[in-house]
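# Fold and geometry: a report
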Amino acid sequence: MTVKRILLWVPLLLMLFLVQAYFWVPSYEEQTRGNPERLESFITGSIGDASILNPILSADSASSEITALVFEGLLDRDEELRLRGRLAESWEIREEAWFCVDPAAAKAGAPGGAQIVASIIKARGGLLDLPGEVMESLSHIQGVEVFPAQVYTVVRTVPQRPADGERSEIELTVHAPERVRLSLDRVDPEIFERLQTLLGPGVFGNFRSADHVRASLPLEEPLLARLAEEVLPQTEHNPIVTFRLRSEACFHDGHPVTARDVRFTYDAIMDPRNLSPRVSDYEPVKSVEILDPLTVRIVYKRLYSPALASWGMGILPEHLLNAEALRREAIERGLDPEAFSMRQSRFNRRPVGCGPFVFKEWRSDQHIELTRFDDYWEGAPNYRRYVYRVIPDLLTQEMEFYAGTVDNYAVQPHQVERLSRDARFQSFSGVSFGYTYIAYNLRREPFDDERVRRALGMAIDVEKIIRFVLYGQGERITGPFVKQTDFYDQSIAPLPYDPEAALELLAEAGWRRSPQGWLEKNGRRFQFTLITNGGNDTRKAILAIAQDAWKQIGIDVRTDILEWSVFIQERVNKHDFDALVLGWSMGVDPDLFQIWHSSQTKPFHLNFGGFANQTADELILRIRETYDHDRQVRYCHDLHAIIAEEQPYTFLYVGKWTAILDKRIVIQRTADDGAPVYERIKPTKTGSYIYYFNRWIKLPHVPDFAAEG
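Residues numbered from 1 in each chain as written. Predicted model: local features only at pLDDT ≥ 70, side-chain atom pairs only at ≥ 80, totals over all residues. Heavy atoms only, no water.

## Thoughts on the overall build of the chain
- Within the chain one finds 23 helices and 29 strands.
- Computed over C-alpha atoms, the radius of gyration of the chain comes to 29 Å, within 12% of the 27 Å expected from 2.2 N^0.38 for 709 residues, which places it in the range of a compact globule.
- Along the longest, intermediate and shortest principal axes, the C-alpha atoms of the chain span 115 × 80 × 60 Å.
- Out of the 709 residues belonging to the chain, those deemed buried represent 52%.
- Contacts in the chain between residues far apart in sequence, at least 24 positions, make up 71% of those at least 6 positions apart.
- Of the roughly 33,200 Å² of accessible surface on the chain, a fraction of 51% belongs to carbon and sulfur atoms. (Helix = DSSP H or I, 4+ residues; strand = E, 2+ residues; numbered from the N terminus. Rg over C-alpha atoms; globule rule 2.2 N^0.38 Å. Buried < 20%, exposed > 50% of the residue type's maximum accessible area, 1.4 Å probe, protein only. Contact = heavy atoms within 4.5 Å. Areas by Shrake-Rupley, 256 points an atom, 1.4 Å probe, with all protein chains shown as cover.)

## Digging into the pairing of strand β8 (residues 179-184)
- Within β8, five of the six residues are buried, which leaves it mostly tucked inside the rest of the structure.
- Judged from the six bridges that link them, strand β5 (residues 141-147) and β8 form a sheet pairing that is antiparallel. Bridge pairing in β8 links Phe147 to Arg179. (Pairing = 2+ DSSP bridges.)

## Some thoughts on the environment of Ile477
- Looking at where Ile477 falls in the secondary structure, it is placed in the loop between β19 (474-476) and α18 (499-508).
- The exposure class of Ile477 is buried, given its relative accessible area of 1%.
- Sequence separation between Ile477 and Gly609 is 132 residues, and the spatial gap between their C-alpha atoms is 19 Å.

## Topic: the packing of helix α5 (residues 113-124) against helix α7 (residues 191-199)
- Running from amino to carboxyl end, α5 crosses α7 at an angle of 95°, the nearest separation of the two axes being 11 Å. When the axis of α5 is compared with that of α7, the two are roughly perpendicular. Seen from α5, the contacting residues are Ile116, Ser119, Ile120 and Ala123; seen from α7, they are Leu195, Leu198 and Leu199.
- Among the residues forming the contact of α5 with α7, the class breakdown is six nonpolar, one polar and no charged. (Axes fitted to C-alpha atoms, helices over the stretch in contact; angles between N-to-C directions. Parallel < 35°, antiparallel > 145°, perpendicular 65-115°, else oblique. Nonpolar A, V, L, I, M, F, W, Y, C, P; charged D, E, K, R; others polar.)

## Considerations on the packing of aromatic side chains
- In total, this model carries 40 aromatic pairs according to the counting rule given.
- Ring plane angle 40° and centroid distance 6.1 Å describe the contact between Phe357 and Phe693, whose orientation is recorded as tilted. Of this pair, Phe357 sits in strand β13 (residues 357-363) while Phe693 sits in the loop between β28 (676-679) and β29 (696-698), and the two are 336 residues apart along the sequence. Accessibility classification places Phe357 together with Phe693 in one group, the buried group.
- The structure contains a cluster of three or more aromatic residues connected by ring pairs, namely Phe42, Phe357, Tyr383, Tyr386, Phe428, Trp657, Tyr689, Phe693 and Trp696.
- The side chain of Arg424 reaches across the aromatic face of Tyr402, ending 5.7 Å from its centre.
- In this structure, Arg622 is placed above the aromatic ring of Tyr635, and the distance from its NZ or CZ to the ring centre is 5.7 Å. (Phe/Tyr/Trp six-rings, centres within 6.5 Å; stacked < 30°, edge-to-face > 60°. Lys NZ or Arg CZ within 6 Å of the ring centre and 35° of its normal.)

## What about the pattern of salt bridges?
- Considering all chains together, one arrives at 50 salt bridges under this definition.
- Across the pair Arg624 and Asp281 runs a salt bridge whose closest N-O atoms are separated by 3.7 Å. Note that Arg624 is positioned in helix α22 (residues 614-625) and Asp281 in helix α10 (residues 279-282), a separation of 343 residues in sequence.
- Linking Arg669 and Glu679 is a salt bridge whose minimum nitrogen-to-oxygen distance equals 3.0 Å. (Salt bridge = Lys/Arg side-chain N within 4 Å of Asp/Glu carboxyl O.)

## Quick word on the sheet that holds strand β21 (residues 519-521)
- Taken together, three strands build an open sheet; the order of strands is β20-β21-β22 and the sheet is antiparallel. Two strands close off the open sheet at either side, each with one partner strand: β20 (512-513) and β22 (524-525).

## Examining the sheet that holds strand β10 (residues 235-245)
- Pairing within the open sheet is antiparallel, and its six strands lie in the order β5-β8-β4-β10-β12-β11. Lying at the two open borders of the sheet, with one neighbouring strand each, are β5 and β11 (285-292). Going across the sheet, the axis of each strand differs from the next one's by a mean of 20°, ignoring polarity.
- The sheet contact formed by β10 and strand β12 (residues 295-300) spans five bridges and is antiparallel. Considered in β12, the bridge of Val241 is made with Ile298.
- Together, β10, β11 and β12 form the strand contacts of helix α9 (residues 259-270), whose direction differs from that of β11 by roughly 165°.

## Observations concerning the pairing of β10
- Counting buried residues in β10 gives nine out of eleven residues, a clear majority hidden from the surface.
- Summarising the sheet, strand β4 (residues 88-100) and β10 pair through eleven bridges and their orientation is antiparallel. When the bridges of β10 are listed, Ser90 appears paired with Arg244.

## Quick notes on helix α8 (residues 221-231)
- Of the positions making up α8, those classed as buried are Leu223, Leu224, Leu227, Ala228 and Val231. When α8 is viewed along its axis, its buried side chains cluster within an angular range of 130° and face the same direction. Among the exposed residues of α8, those pointing more than 90 degrees away from its buried face are Glu221 and Pro222. (Arc of directions from axis to C-beta.)

## Section: the side chain of Thr67
- Along the chain, Thr67 falls in helix α3 (residues 61-70).
- On the basis of relative accessibility, which here comes to 8%, the residue Thr67 falls in the buried class.
- One polar contact links the side chain of Thr67 to the main-chain carbonyl oxygen of Ser64, over a distance of 3.2 Å.
- Setting aside residues up to four positions removed in sequence, Thr67 forms contacts with Leu53, Asn54, Pro55 and Ser58. (Polar contact = N/O pair within 3.5 Å; in protein donor to acceptor, adjacent residues only side chain to side chain.)

## Let's talk about the side chain of Thr478
- Assignment of secondary structure puts Thr478 in the loop between β19 and α18.
- Side-chain polar atoms of Thr478 contact the side chain of His640, separated by 2.9 Å.
- If near-sequence neighbours (up to four positions away) are discounted, Thr478 is found in contact with Tyr488, Asp489, Ile492, Ala493, Pro494, His640, Ala644 and Phe651.

## Quick look at the confidence of the model for the chain
- Per-chain confidence: the chain averages 89 in pLDDT, with 93% of residues scoring 70 or above.
- pLDDT under 50 marks residues 1-8. Its contacts with residues more than four places away, or in other chains, come to two contacts.
- Considering only residues more than four positions removed or in separate chains, one finds that residues 10-27, a stretch of pLDDT under 50, has 13 contacts. (pLDDT = per-residue confidence, 0-100.)

Structure follows, in structure tokens:
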């Protein structure tokens with residue numbers, strides 16, 4: 001071989017050596033040899049780091065993955081999607097339903113308070129001939145009481161000059177007439193409608209709340225009417241949930257979990273200084289009352305069907321985050337105690353919860369380490385250690401999985417067929433509870449024009465994305481509900497791929513091609529930037545496909561890929577974007593208030609695109625207040641249709657997920673005689689295969705499952 005050829009080979013050999021060195025990691029057997037603790041450590045990889053380890057403040061998947069292990073809520077869903085107790089040992093639901101007795105109606109012959117009570121008692125005794133559904137509602141009334149007329153004052157904050165955001169406090173004097181309180185052993189949304197059959201329609205006839213409320217300052221009539229309805233509604237549903245907490249549950253510092261912590265968590269969410277994205281879930285709460293150290297009573301202002309599920313929120317330790325604790329921390333750090341809030345606390349990087357794992361260490365952009373909580377109320381997890389490693393490169397994640405330095409791997413679409421047949425691994429797959437989308441900032445032109453948004457969607461060949469980027473591991477989606485539920489309207493067709501029709505829509509909106517081929521309007525080129533987060537090859541590919549598709553019709557699109565925390569904190573949370581590629585992970589419940597209601601468009605809220613539609617707002621509230629499943633489905637389909645029509649997102653697809661684990665990872669339980677019993681890991685209806693993670697363990701060899709029945 002000539003010297004020239006040798007010199008040509010040297011760089012190639014050097015490159016191969018460097019690549020091998022870069023991807024070399026010790027094998028699983030090498031890791032465990034002389035280090036049995038590796039068997040008791042679960043190590044997972046993620047493309048992005050967490051941002052804030054506080055369950056009431058976090059809004060990204062990386063943070064949520066960690067807080068789900070460190071913190072615990074009152075409830076969650078079991079493998080069949082039914083609610084089950086966690087910190088709550090038990091709970092009961094009932095309702096207090098109130099209504100005002102209209103003095104004008106009483107004068108016109110409608111029954112007064114005493115007559116109403118007498119009629120209800122008589123009807124409950126079966127002395128009247130009433131329809132079955134009316135008797136059904138009456139049978140759940142456990143008590144009825146009349147409260148006499150009274151005068152009281154309440155204070156509300158109202159806008160004085162909406163243009164500059166100035167607000168002031170105003171005192172409202174309420175001249176409340178007689179009111180009737182019904183105590184029911186369940187929530188009954190139809191109770192007032194059915195009482196009219198008994199008492200006559202005049203009982204709930206022409207009552208005007210504003211006639212009974214006086215303001216200390218002059219108010220415009222619509223504002224006074226709204227405030228009056230708020231402080232003195234004619235009818236009011238007050239669902240009540242009473243939770244009984246487990247006496248054995250405690251925080252990682254040994255402090256018991258009590259009703260004070262539940263109330264504190266609620267107060268922290270509602271404190272505007274904390275900017276919690278969870279506010280909308282708890283705004284319907286009227287009061288949180290401590291009945292005793294282990295019993296908390298939660299009263300709602302109105303019907304709110306997601307009430308129970310919302311208490312899956314991780315509970316915070318009041319003794320570590322109360323006003324005095326935050327004040328001490330601020331002084332210690334030389335900060336202004338008056339301006340210091342929970343968002344600034346060191347707690348968010350060194351959390352203390354009551355979940356199955358204890359926080360140990362967080363090295364930014366490297367790893368987060370947890371250790372098992374031996375005093376966890378349900379029993380300590382089998383794994384002693386949990387490590388969340390930040391590995392932005394997916395190829396590196398894959399290589400480390402093969403070597404055993406990480407224990408699971410979210411298979412990329414192009415790998416599914418090959419890896420699902422690999423005898424070394426156990427694989428899990430399913431349709432995701434969520435979807436991927438392109439969101440537009442509706443506050444900015446031209447995205448405030450529905451025709452433009454629709455045209456942008458029609459210019460993208462989504463089937464091409466599913467076929468060539470996802471390798472068929474996805475399905476088209478047209479709206480915001482989980483596709484596997486009946487809340488999703490299967491009859492709504494996805495946008496067609498039709499660039500010519502897209503150009504016609506854009507022309508209708510005033511965009512014309514320039515001699516250079518770019519779309520222009522009023523002398524300005526149609527130009528914007530599409531962004532997404534780094535470390536996700538699928539979103540990177542979508543970025544390129546969308547950019548190319550839009551350029552084909554004359555739109556000048558720039559792209560930018562940002563590190564995850566910068567993407568979320570600086571661009572998404574602060575609404576600093578034109579359009580972005582992102583995905584939502586969804587729950588089973590159809591409540592979409594946080595993501596789609598117009599009140600949730602402020603910084604750090606989740607309706608970061610700025611979607612606002614009055615009819616949609618009304619439907620979102622009806623969905624929240626409806627307990628009848630069929631009616632809820634109808635409202636969801638109506639909402640789905642509005643969002644699909646307005647296209648605030650270009651809805652792309654719902655992905656099919658596949659994950660693989662070493663076959664030596666199994667569920668380990670303990671038999672009555674103390675012997676370990678091994679079971680295979682299986683996905684549940686939750687759409688997850690990690691439901692029994694606390695019982696997982698990695699063994700030196702694959703156990704014998706021959707005895708499975």
